[in-house]
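# Close look at the chain arrangement
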Amino acid sequence: MSPEAGHLKPEKRFSGIPVSPGIAHGNVFVHWFEEDEIPIRNITPEQVSEEVSRFETALIATRAELLDIQERIANAIGAKDASIFDAHLLVIEDRTLIDEVLKALDRDRYNVEYVFHRVAERYCKSLSEIKDAYLRERVVDIEDVARRVIRNLLGKAPKTVNNLERAHILVSHDLSPSDTALMSRELVLGFCTEAGSRTSHTAIMARSMDIPAVVGIHGVCSELNTGDHVLLDGYNGVLILNPSPETLREYGEIESKKEEIEENLELLRDTLSTTRDGKRIILSANIELPDELNDVIASGAEGIGLFRTEFLFLNRSTPPSEEEQYENYRLVAEKVAPHGVIIRTLDIGGDKFINGLDLVEEQNSFLGCRAIRFCLRHPEVFKPQLRAILRAAKHGNIRLMYPMISGVEELLQANAVLEECKKELRAEEKEFREDLEVGIMIEIPSAALCARLLAKHVRFFSIGTNDLIQYSIAVNRLNDEIAHLYDPVHPAVLQLIQMTVEAAHAEKIWVGVCGEMAGDILYTPLLIGLGVDELSAGASVVPHVKKAVQSLDAKVCKELTEEVMLSGDSSKTTARCEEVSRAHYPDLF
Ligand code: PEP
Ligand code: MG
C-alpha cells in the first residue's frame, strides 16, 4: 500500500499518549471494532427482500442480546448501571437509521452488512461533528450496536485484527493484548487506539515488538477512513493525517537522527552497565514470547529478568502441555546462556484472558482472581507449569518467580505446590533442578509493606512497578481517562520501592525492577539512587538504559533520591529527574 499524495488535503493532528517509540508512515486501516472486514457483494433486485429479512433478524437478535446484557448487569450491579444500555436499545429502534438502510439497499444493491456499516459510519461521523456532548456520546452507542448487528449478520465469532495482507497503520478503538500478540511486524507499521494507557499489556507488547504506537486518541476511529495517508509519531504521541511535505521532511530528519543514536548505542552492546563511579547495575530484558530472543541478544541485555509466560497461553483453545512448556523454557534458557532467565509463573486475569481456562471475566479484574490467586485455585494449570520450569532448569540458568504475591501465606502456599511437584518428579525419576531459585514480584503494596517477612523465604525480589503504581494510588492502569493520576514518582510509590529495597538488602537478597519504569531513562537516576541491583526492560530500550547508567554517578543519584524523598512533591520530582537525566545523557531525549 503506497501512501497516497496526502499533501493535497489539509494536514490535521491528533494527540494521544505515546506508548511505543518510532515513526510510521503509510495508509490507515480503520479496524471497525471486531468486524475488520465487511464483505461487499452486489445483489440482484430479487435478493433485496432476502437482505431485508436478514437485517430484521439481526436487529431482533441484537435487541435480545442487549436485553440479556441489561438484565445481567441489573442483577449483578443494579438497574441504574443497566440503564446505560437504554441508549443502545434506542439505536436498534431508530427509524431514521433503519429506513436509511432499507433505502440504500434498494438503491445501491449491496449486501446488507456493507450497507448498514456505511450508513452507521456516516451517522457516527455527522454526530461526532455536532457540538453537543450528549449527541457525541451517542456515537459510542451506535458504534457498539453497529458492531453487534454486523456480528449477528455475519453469523460468526468476531474476527481478529490480524488478517490484513497489506502494510498499514492500524487504527482501532482498542486492542487486546492477544490482538497485539498476533500482529505481524511486517504488516502493522504502527497502531493507534482510542482507549489504552502506557502500562497496558497492549502497550508493553507494542514496545517489545518495536511497533510504534499511540493510544488514548479519543474519537480517532470516526475521524479517519481506511486508506487515509498518515504519519504516526510514537515518540510524542501524535497522529498526523495528510502530513504536508514539510512535515514529512521534518520527520525524515528526526528519523535519521534517531537512527544515528541507535547506531551509537549498538557500540555499547558488549559493555557492562556500570555507573561512572563504579556501581554495577545488572541490566536484563523482559520478554513475552520466545521469538523475542534474538532482539534480547542483540540488545546486549544480561539475560531475561522477566519472562511473561502467559503469552504462551494466549490465542489458543487449550493451555500448553507440560512438555510444550518445558521445550519453550529450555529453548529460552539455552539461547540466553550463559546469562539467566527469570520465568514468571502464569499471570492471567487483569487484562489477559485465556480461552480454555476456567477464568471468568469479572468486575475489577485487576483486583480479582488473577495470577498466583488463579494458579493456587487451579493446580491442574499451575503444576504442569512448575514441573516444566523445574525440569527445564536442569538445562540452564533458570529462576522462578511468582507474580502478585500479597503476603507470606500465599508465598508459602505456592512453595508448597512447588515442593509437591518436586516430590512427584522424584517419584517419576525425572531430572529436575532441586535447588531452583525462587523469587517474587513485589507489585502489591501489602507485599512491599511485608517485604522484610517475605525476604526470609525467597532469593530475590523484582518490583513490578506497573501494578505497584496502580494498586498504591488506586488508578486502573488501563484507563486513559485517569492516566494523568498514574504517577510513577508519587511519594507513596517511591516509599514502597525504598522499603522493598531496604528489606531485601537487610535480608541479603538482591532486588530488581521489571515494570516499565525500569525502561524509562527519566527514572534511571532515581532507581539507582534507591539502591536497586537490577533493571529489566523491554529489549528495544535496553541500550538506552545502559547508556543512561554509564553516564550517571551513583553518588549524584543518591543525592537526587534523598532530595526528592524529602520533598514529597511529585511534579518537582519529575522535574528534577528530567534535569539530572538531560544533564547526563542529552542525546537520548
Ligand atoms: C508489573 O506489574 O510491573 C509487571 C512487570 O508485570 P505486568 O506488567 O505483567 O503486570
Ligand atoms: Mg504485574
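Residues numbered from 1 in each chain as written. Chains lettered and ligands numbered in written order. Predicted model: local features only at pLDDT ≥ 70, side-chain atom pairs only at ≥ 80, totals over all residues. Heavy atoms only, no water.

### Overview of the pairing of strand S4 (residues 168-172)
Counting buried residues in S4 gives five out of five residues, a clear majority hidden from the surface. The side-chain alternation of S4 yields two buried faces, one formed by His168, Leu170 and Ser172 and the other by Ile169 and Val171. Sheet analysis places strand S3 (residues 23-31) next to S4, joined by four bridges and oriented parallel. Bridge pairing in S4 places His31 opposite Ser172. (Buried < 20%, exposed > 50% of the residue type's maximum accessible area, 1.4 Å probe, protein only. Helix = DSSP H or I, 4+ residues; strand = E, 2+ residues; numbered from the N terminus. Pairing = 2+ DSSP bridges.)

### Describing the sheet that holds strand S2 (residues 17-20)
Read from one edge to the other, the open sheet built from eight strands follows the order S1-S8-S7-S3-S4-S5-S6-S2, with strand pairing classed as mixed. The outermost strands of the open sheet, each flanked by one partner alone, are strand S1 (12-15) and S2. Each strand of the sheet is rotated relative to its neighbour by a mean of 30°, with strand direction disregarded. As judged from the four bridges shared by S1 and strand S8 (residues 238-241), these two strands associate in the antiparallel manner. From the neighbouring strand, Arg13 faces S8, where its bridge partner is Ile240. Of the strands in this sheet, S2, strand S5 (188-193) and strand S6 (213-215) are in contact with helix H8 (residues 201-208), which crosses S2 at around 50°. Together, S1, S3, strand S7 (229-233) and S8 form the strand contacts of helix H10 (residues 245-266), whose direction differs from that of S3 by roughly 120°. (Axes fitted to C-alpha atoms, helices over the stretch in contact; angles between N-to-C directions. Contact = heavy atoms within 4.5 Å.)

### Considerations on the state of the cysteines
Throughout the structure, instances matching the rule amount to zero disulfides. Cys557 supplies the cysteine sulfur nearest to Cys577, a cysteine that is in no disulfide, at a spacing of 9.7 Å. For Cys577, a relative accessible area of 0% puts it in the buried group. (Disulfide = S-S within 2.5 Å.)

### Quick notes on helix H21 (residues 542-551)
The element H21 is largely enclosed, with a buried count of eight among its 10 residues. Within H21, the full set of buried residues consists of Val542, Pro543, His544, Val545, Lys546, Ala548, Val549 and Ser551. Close packing links the buried residues of H21 with H10, strand S9 (282-287), helix H11 (293-299), helix H20 (524-530), strand S16 (534-538) and helix H23 (570-584).

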